[in-house]
Amino acid sequence: MAPNPAIPHTRKQPGFGRTRRSAAAAAAALTAVGLLSACGYGSKSSDRTDAAPAAATASGTKLSADTVKIGYFPNLTHGTALVGIKDGIFQKELGATRIKTQTFNAGPAEIEALNAGSIDIGWIGPSPAINGYTKSNGQSLKIIGGSASGGVKLVVNPDRIKSLDDLKGKKIATPQLGNTQDVALLNYLAGKGYKVDAQSGAGDVSVVRTDNKVTPDAYKSGSIDGAWVPEPTASKLVTLGAKELLNEKSLWPDGKFVITNIIVSQKFLKEHPDVVEAVLRGSVNTNAFIKADPARAKADANAQLKIDAGSSLDPAVLDPAWQDIEFLDDPLAGTLQAEADHAVTAGLLKKPGLNGIYDLTLLDKVLGQQGRPAVADAGLGTK
């Protein structure tokens, strides 16, 4: 099914001032420790070559690469990739260029694959993108577009935690030391006046690093009192009796913060800009389709999850999780910078040099072709 045309819109650039919400930023933090992950579920990866493509691109022009290798997570915050692959929207734009997909369960593994040439383009969270860029001294990747905002919540056992003032002495899980949600929680707790050692998680509130796959069982056993986690883990916990205490989007100006970006190998971008442009056009068209027909897009994303991960999500988890994620083309560059700044403030990251991390030239070209305005790079588009 061909996507509906994107509807022109403008967006107020989020500010940088609110420290706690920026906890996400912290994700970048563990860049220093090398433990960053993008809301993932482990570290294994899998790959698959999609069906044979059409003879040419939508415009009828053969592109410069025979194959493009695309990486993403089998996770709802990567819904643009899930839907775009499932519905053939990327393939329509790529024409004779074959798509080879590879799925990951953690950001560091995807960055390693990009650096090794195993993937060319990837959907990934902000922390591993920052990590990959800074560790390579700005040589490995570029962020070329946005994909999703939101989808992160603090959910708690309502019998143990009645309000945000009841967190002292409680055990709150995050997916991994230094990942986006971990830093978000640390920043939030610091803003509330709680003292927590960032490395050990010990303090007025115990921050318990727990793999998202294990978190539901930890909650059922009573070994944690709540969790600051991405979807669909948050909604899974709600089905087990947890209560949503805080939605992270409430901490951000305009309620928006980056949770998923699109990155590309700088080598591939230089050698095959036409292919990168086609993928970005597919992404923009996919997001337009998601907005135009969210019910079908949700079903298609769930169907692709079953292909990639071996199982789909129950409606009780899928519906609220999908509703909380906003799919968008703007990379929300200002919030990436804010996240990095808060990671530095938390003491988990030395001030990173992010100048040049963005190259939004091709995205702006695609948007311009649809009569839409260019998006901001927050001054991080040049070194």
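Note that the structure is predicted; figures quoted are calculated from it, not measured.

Participant: Just checking my understanding: could you explain the overall build of the chain for this structure?
Facilitator: Within the chain, the regular secondary structure consists of 14 helices and 12 strands. A total of 383 residues make up the chain; the buried ones form 59% of that total. Expressed as a percentage of contacts within the chain between residues at least 6 apart in sequence, the contacts between residues at least 24 apart total 82%.

Participant: Sorry, what's going on with the sheet that holds strand β8 (residues 206-209) here?
Facilitator: Each strand in a sheet pairs with another by means of backbone hydrogen bonds, the pair being arranged parallel or else antiparallel. Taken in spatial order, the 5 strands line up as β8-β7-β9-β6-β10 in an open sheet, and their pairing is mixed. In the strand order of this sheet, the two ends are held by β8 and β10 (243-247), each with one partner. Direction aside, neighbouring strands of the sheet carry axes that sit 25° apart on average. Of the pairings in the sheet, the one linking strand β6 (residues 152-156) to strand β9 (residues 226-230) comprises 5 bridges and is antiparallel in character. Bridging across to β9, Leu154 finds its partner in Trp228.

Participant: Just to check I follow, could you spell out the nonpolar core for this structure?
Facilitator: Soluble globular proteins tend to bury their nonpolar side chains together. Of all hydrophobic cores here, the largest spans 95 residues; its most connected members are Leu94, Ile121, Trp123, Trp228, Val276 and Ile357. Sort the elements by how many residues they give to this core and helix α10 (residues 273-292) lands first, with 8 residues. Core analysis: the second largest hydrophobic core is formed by 10 residues, Val155, Ala227, Val229 and Ala242 among them.

Participant: Before we go on, may I ask you to explain the packing of aromatic side chains in this structure?
Facilitator: The geometry of an aromatic ring pair is captured by two quantities: the separation of the ring centres and the angle between the planes. Per the counting criterion, the structure on display carries 4 aromatic pairs. Consider the rings of Trp252 and Phe257, whose centres lie 5.6 Å apart with planes at 15°: the pair is stacked. Residue Trp252 is classed as buried on the basis of its relative accessible area, which comes to 3%. Given the relative accessible area of 1%, Phe257 is considered buried. With a centroid separation of 4.8 Å and 40° between ring planes, the pair formed by Trp322 and Phe327 is classed as tilted.

Participant: Any chance you could explain unusual backbone geometry here in plain terms?
Facilitator: Keep in mind that most residues, glycine aside, have a negative phi and that most peptide bonds are trans. Going from Glu231 to Pro232, the amide bond is cis rather than trans, its omega being 10°. You can see Pro232 is positioned in the loop between β9 and α8 (233-239). Unlike most non-glycine residues, Asp254 shows phi in positive territory, near 65°. Take Asp254: it is sitting in the loop between β10 and β11 (258-265). The residue Leu332 is not glycine, and still its phi comes out positive at about 55°. Following the sequence through the fold, Leu332 ends up in the loop between β12 (325-327) and α13 (333-345).

Participant: Please explain the side chain of Ser235 as it appears in this structure.
Facilitator: Note that Ser235 resides in helix α8. Not counting residues up to four positions away in its chain, the partners in contact with Ser235 are Lys153, Val317, Pro320 and Ala321.

Participant: Sorry, what's going on with the pattern of salt bridges here?
Facilitator: Pairing between side chains of opposite charge can happen when the charged atoms of each approach one another. Scanning the entire structure with this criterion turns up 18 salt bridges. Between Glu93 and Arg281 there is a salt bridge; the shortest N-O distance is 3.8 Å. One end of the pair, Glu93, is in helix α3 (residues 89-94); the other, Arg281, is in helix α10, with 188 residues separating them in the sequence. Of the two residues, Glu93 and Arg281, both sit in the buried class. Lys298 serves as the salt-bridge partner of Asp319, at 2.8 Å between the closest nitrogen and oxygen.

Here is what the cut-offs are and how they apply
Every chain begins its residue count from 1, and numbering advances along the sequence as written. Note on the predicted model: pLDDT of at least 70 is required for a residue's local features to be given, and 80 or more for side-chain atom pairs to be given and counted; whole-chain, interface and lining totals, by contrast, use all residues. Where side-chain values are given, they derive from all heavy atoms of the structure, hydrogens and water being excluded. We count a stretch as a helix when DSSP gives it H or I for four or more residues in a row; a strand needs E for two or more, and each element gets its number in order from the N terminus. The buried label goes to any residue with under 20% of its type's maximum accessible area, the exposed label to any with over 50%, and the partly exposed label to all in between, with areas taken from a 1.4 Å probe on protein chains only. The criterion used for residue contact is that any of the two residues' heavy atoms lie within 4.5 Å. Two strands pair under a simple rule: DSSP has to find at least two bridges between them. In this analysis, axes come from line fits to C-alpha atoms, helices being fitted only over the stretch in contact, and the angle between any two N-to-C directions falls in the range 0 to 180 degrees. Residues enter a nonpolar core if they are buried and are Ala, Val, Leu, Ile, Met, Phe, Trp, Tyr or Cys, with the set joined through side-chain atoms within 4.5 Å. Stacked, tilted and edge-to-face are the three classes assigned to paired rings of Phe, Tyr and Trp, where Trp is represented by its six-membered ring and a pair needs centres within 6.5 Å; plane angles under 30 degrees give stacked, over 60 edge-to-face, the rest tilted. A pair is scored as a salt bridge if a Lys or Arg side-chain nitrogen falls within 4 Å of a carboxyl oxygen belonging to Asp or Glu.

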